[in-house]
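Residue-level structure breakdown
What follows is the residue order along each chain.
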Amino acid sequence: PTPVTLVRGDHVGSSTCKPCHEERHATWANSYHRTMTQVATPETTLGLGSGSVVARGREHLLEVRDGAVWASQVGQEGEERPLTLLTGSHRMQAYWVSDGEGGHELLPFTWLVNDQRMVPRDAVFLRSGAAEPAEPMRWQYACMACHTVGARARYDATTASQEVRVAELGVACEACHGPGRKHVDAQRE
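Report follows, based on the coordinates. Throughout, a residue's number is its position along its own chain's written sequence, starting from 1. For this predicted model, a pLDDT threshold of at least 70 governs which residues receive local features, and a threshold of 80 or more governs which side-chain atom pairs are given and counted, while totals over whole chains, interfaces and linings are taken from all residues. Note that the side-chain values use all heavy atoms of the structure and ignore hydrogens as well as water.

**Brief notes about the pattern of salt bridges**
Whenever a carboxyl oxygen of Asp or Glu lies within 4 Å of a side-chain nitrogen of Lys or Arg, that contact is scored as a salt bridge. Applying the stated criterion across every chain, the model contains four salt bridges. Across the salt bridge formed by arginine 65 and glutamate 80, the nearest N and O atoms sit 3.2 Å from each other. With arginine 65 in strand E4 (residues 58–65) and glutamate 80 in strand E6 (residues 80–87), this pair connects stretches of sequence that are 15 residues apart. Its salt-bridge partner being arginine 81, residue glutamate 105 comes within 3.1 Å of it at the nearest N-O pair. Note that glutamate 105 is positioned in strand E8 (residues 104–112) and arginine 81 in strand E6, a separation of 24 residues in sequence. We call a residue buried when its accessible area falls under 20% of the maximum for its residue type, exposed when it is over 50%, and partly exposed in between, using a 1.4 Å probe and counting protein chains only. Under the relative-accessibility criterion, glutamate 105 is labelled buried at 14%. Several salt bridges share partner residues, and in doing so they unite Glu63, Arg65 and Glu80 into one network. In DSSP terms, a helix is any run of H or I states spanning at least four residues, a strand is any run of E spanning at least two, and both are numbered starting from the N terminus.

Structure representation (structure tokens):
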């Protein structure tokens, strides 16, 4: 199951573009844009089996259990959570877990694709200040807008939770060309 709500509205999705723009769709499908944001699975998660990494003074490990990828802090009982989303696939891949409020929280380590190793996130992400923020980075505030299509988060004050909505995961056709509903409807007429 997708850890975000897929809402199309005026967006039609890249699969709708394919019949008329087959060559362009094939080029996009073979690009890193398609895999910029993905659901975390054992098949899509890079860095599995690479061992542990120390980040923020704690040792972290990714492992597959019951068909899902889990992130754990070594030696800490109850400090494990399933991965929900992945961002990146070309140079690095960042890992997200549920924040328990309908959104996603960034883990403090990242996989470097070319180096084939895990590193602390602080070693690869630039920040405006010297200190790491006290609050974990949230996907719905920091990454969702650029790494998906039609992204928006809705906050529900009655439950103090969020519903994260996107039209499509990854950077797809409508990220640059805008919602395609009017174009598709006009061409079908």
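**Side note on the pairing of E8**
Of all nine residues making up E8, nine are buried, and the element is well covered by its neighbours. Two strands pair if DSSP finds at least two bridges between them. Two strands pair when backbone bridges link them, and strand E7 (residues 92–98) and E8 are joined in this way by six bridges, in the antiparallel orientation. Looking at the pairing, methionine 92 lines up with leucine 112 of E8. Between the end of E7 and the start of E8, which pair antiparallel, lie five residues, with glycine 100 showing a positive phi angle near 80°. Examined bridge by bridge, E8 and strand E9 (residues 117–120) share four bridges and lie antiparallel to one another. Directly across from tryptophan 111, in E9, lies its bridge partner methionine 118. Between E8 and E9, which pair antiparallel and follow one another directly, the connecting turn spans four residues, one of which, glutamine 116, has a positive phi of 55°.

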